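Letter by letter, the chains look like this.
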Amino acid sequence: MSKKIHFLLFFFLCLASIPLVAQNIEVKGVVTEATTNEPLPGVTVKVKGKDTGTVTNMDGKYTVKANKGDILVFSTIGMKSIEHTISSNAPINVSMEEDNVALEQVVVIGYGTAKKSHLSGAVSSVGAKELNGAVATNAGTALQGKIAGVSVTSTSGDPNEGMTINVRGISSLSSNDPLYVIDGSFGDLSMVDPSDIASIEVLKDAAAAGGVVLVTTKSGRKDMPTKLEVNFFTGFSQTPKKLKVFNGEEYSRFARYYKLSADGYGNEVDAVPFVGEGTDWQEVMLRTAMTYKANANISGGSKTGSYSASASYLNKEGILRNTSHESYNIRLKSDYRSEERFSRN
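Rules of the game
- All residue numbers refer to position in the chain's written sequence, counted from 1.
- Totals for whole chains, interfaces and linings use every residue, but because this is a predicted model, local features are given only for residues with pLDDT of at least 70 and side-chain atom pairs only at 80 or more, for both listing and counting.
- Heavy atoms throughout the structure, all of them, feed into the side-chain values; hydrogens and water do not.
- Pairing of aromatic side chains here covers Phe, Tyr and the six-membered ring of Trp, requires ring centres within 6.5 Å, and sorts the geometry by plane angle: under 30 degrees stacked, over 60 edge-to-face, intermediate tilted.
- Numbered from the N terminus, helices here are DSSP runs of H or I no shorter than four residues, and strands are runs of E no shorter than two.
- Summary of the burial criterion: residues with accessible area below 20% of their type's maximum are buried, those above 50% are exposed, and those between are partly exposed, where the area comes from a 1.4 Å probe applied to protein chains only.
- By definition in these notes, contact holds between two residues if any of their heavy atoms fall within 4.5 Å.
- Strand pairing requires that DSSP identify at least two bridges connecting the strands.
- The axes used here are C-alpha line fits, helices contributing only the stretch in contact, and every angle between their N-to-C directions lies in the interval 0 to 180 degrees.
- Any carboxyl oxygen of Asp or Glu that lies within 4 Å of a side-chain nitrogen of Lys or Arg is treated as forming a salt bridge with it.
- We call a set of buried Ala, Val, Leu, Ile, Met, Phe, Trp, Tyr and Cys residues a nonpolar core when their side-chain atoms join them within 4.5 Å.
- His is not counted, nor are the chain ends, whereas Lys and Arg count as positive and Asp and Glu as negative.
- Think of a polar contact as two N or O atoms within 3.5 Å of one another; within protein, one of them needs to be a possible hydrogen donor and the other a possible acceptor, and neighboring residues in sequence only count if both atoms come from side chains.
- Grouping into patches uses exposed residues only, defined as over 30% relative accessible area, and leaves out salt-bridged ones; the cut-off is 9 Å for like charges and 5 Å for nonpolar side chains (Val, Leu, Ile, Met, Phe, Trp, Tyr).
- For the area figures, the Shrake-Rupley method with a 1.4 Å probe applies, and any residue is considered shielded solely by the protein chains shown.

(A) Here's a closer look at the packing of aromatic side chains. By the definition in use, this model includes two aromatic pairs. Here Tyr 62 and Phe 74 contribute two aromatic rings whose centre-to-centre distance is 5.5 Å and whose plane-to-plane angle is 75°, an arrangement assigned as edge-to-face. Taken together, the positions of Tyr 62 in strand 4 (residues 61-66) and Phe 74 in strand 5 (residues 71-75) put the pair 12 residues apart, joining distant regions of the chain. There is no split in this pair, since Tyr 62 and Phe 74 are both buried.

(B) Up close: the environment of Thr 141. Tracing the sequence through the fold places Thr 141 in helix 4 (residues 139-143). Measuring from C-alpha to C-alpha, the distance between Thr 141 and Pro 194 comes to 9.0 Å, with 53 residues separating the pair along the chain. Each residue touching Thr 141, except ones within four places of it in the same chain, is listed here: Ala 136 and Met 163.

(C) Geometry of the pairing of strand 10 (residues 123-127). Only one face of strand 10 is buried: it carries Ser 124 and Val 126, and the other face, with Val 123, Ser 125 and Gly 127, is open. One ladder, built from five bridges, connects strand 10 with strand 15 (residues 197-203); its direction is antiparallel. Within strand 15, the residue paired with Val 126 across the bridge is Ile 200.

(D) Region of the structure containing the sheet that holds strand 1 (residues 25-33). Strand order in the open sheet formed by three strands is 4-1-7, and the pairing between neighbours is mixed. Looking at strand neighbours, the two that pair on one side only are strand 4 and strand 7 (94-96), the edges of this open sheet. Within the sheet, the average angular offset between the axes of one strand and its neighbour, ignoring direction, is 35°. Looking at chain direction, strand 1 and strand 4 are connected through six bridges and run antiparallel. Pairing of Val 30 across the sheet is with Lys 61, part of strand 4.

(E) Fine view of the pattern of salt bridges. Applying the stated criterion across every chain yields a total of nine salt bridges. Across the pair Lys 222 and Glu 38 runs a salt bridge, and its minimum N-O distance is 3.4 Å. Of this pair, Lys 222 sits in the loop between strand 16 (212-217) and strand 17 (227-237) while Glu 38 sits in the loop between strand 1 and strand 2 (44-47); the two residues are 184 residues apart in sequence, bridging distant segments of the chain. Taking relative accessible area as the criterion, Glu 38 reaches 9% and is therefore assigned buried.

(F) Local environment of the sheet that holds strand 14 (residues 185-186). The five strands are arranged 10-15-16-13-14 in an open sheet whose pairing can be described as mixed. Since the sheet does not close on itself, it has two edges, and those belong to strand 10 and strand 14, each with one partner.

(G) Just the nonpolar core, in detail. Ranked by internal contacts, the top residues of the largest apolar core, which has 20 residues, are Ile 165 and Ile 200. For this core, the elements supplying multiple residues, two or more each, are helix 4, strand 13 (179-182), strand 15 and strand 16. Listed in part, the 17 residues of the second largest apolar core include Leu 40, Val 43, Met 79 and Val 94.

(H) Structural context of the environment of Val 192. Its place among the elements puts Val 192 in the loop between strand 14 and strand 15. Assessed through its relative accessible area of 12%, Val 192 is described here as buried. Sequence-wise, Val 192 and Asn 329 are 137 residues apart; in three dimensions their C-alpha atoms are separated by 7.8 Å.

(I) Geometry of the side chain of Glu 33. Topologically, Glu 33 is positioned in strand 1. Within the buried set, Glu 33 has no salt-bridge partner at all; the shortest N-O distance to an opposite charge, 5.2 Å, is to Lys 222. Here Thr 35 takes part through its side chain, which lies 3.3 Å from a polar atom of the side chain of Glu 33. Sequence-distant contacts of Glu 33, that is, excluding residues within four places in its chain, are made with Glu 38, Leu 40, Met 79, Ser 95, Met 96 and Glu 98.

(J) Representation of a nonpolar patch on the surface within the structure. A cluster of nonpolar residues, Phe 246, Tyr 251, Phe 254, Tyr 257 and Tyr 258, forms a patch on the protein surface that exposes about 580 Å² of accessible area. Note on placement: Tyr 251 falls in helix 5 (residues 248-257). The partly exposed category is assigned to Tyr 251, whose relative accessible area is 34%.

(K) Unusual backbone geometry, seen in detail. Even without a glycine there, the phi angle at Asp 183 is positive, about 55°. Looking at the secondary structure, you find Asp 183 in the loop between strand 13 and strand 14. Of note in the backbone geometry, Asn 322 takes a positive phi value of approximately 70° without being a glycine. Among the secondary structure elements, Asn 322 is positioned in the loop between strand 19 (305-317) and strand 20 (324-336). Residue Asn 322 is classed as exposed on the basis of its relative accessible area, which comes to 80%.

Pasting the structure below:
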């Protein structure tokens, strides 16, 4: 009788240990990028339908405990999610591909990232094609008329003066200038050549009093062959219409008729009126202004990084004589990743 009891106890203990053994399956693997075959750190590895999960380390490696038959979900920003069913404790290596659609749903808002569906403020974006940077002389003029609700005006006719940008209208008596963030750092929009701009995002929410303007410059890509772009542009600007005013003789007669002292003759007895057209000051002061612009950009990349360098020259004459603007711009942008691996003992 005691043998039967012992056998039954042993049988029930074996049945109870089966799910416990199933819970102890340890799955390991490496997550890499499909195009470069490099390890992907920070990828979330989660058991579907459960709270169990982990994150890949700097070498793309992960270790997670799950049941046989469970589904592992691999996900990270900018990559297509992958699901893999666990059939054994054999290593599960995953190669992830880029997801361009997912990237379009993520907006960098200066103080972090958020999905468009979770962003309460209005966001407008302009790409390099719409900006037409090869023709524009500065980033302000490139943005002019491209985004609804964004006013871009010239403060004066001086070519050395910048553009005034109002994102949310005049909301303050002190300053209405937006906050400019260029490649993740605060900067001056006038220092960026429009030919070097890849995209401009304008945030119209209450993140700043005058809004936020995010500028992303062009960059190379990994495993990209060296590419050289050279652009030349020349143009002219002039006053479309001159003001119709009196010439010298017409104004002299007008002043004499109404006895205006400003003429110099109106209050003088037997004064000889001015004869002739005189000086056309609009013709003397205004001119057809020429603009010359050149830009050269070289970009490329390897398995360990990417680079982009550009140089530009701008010579812009003002419509008013003796006014002009000349500037040089040099930009270097690089992103490199060391192949060395560090381990901690």
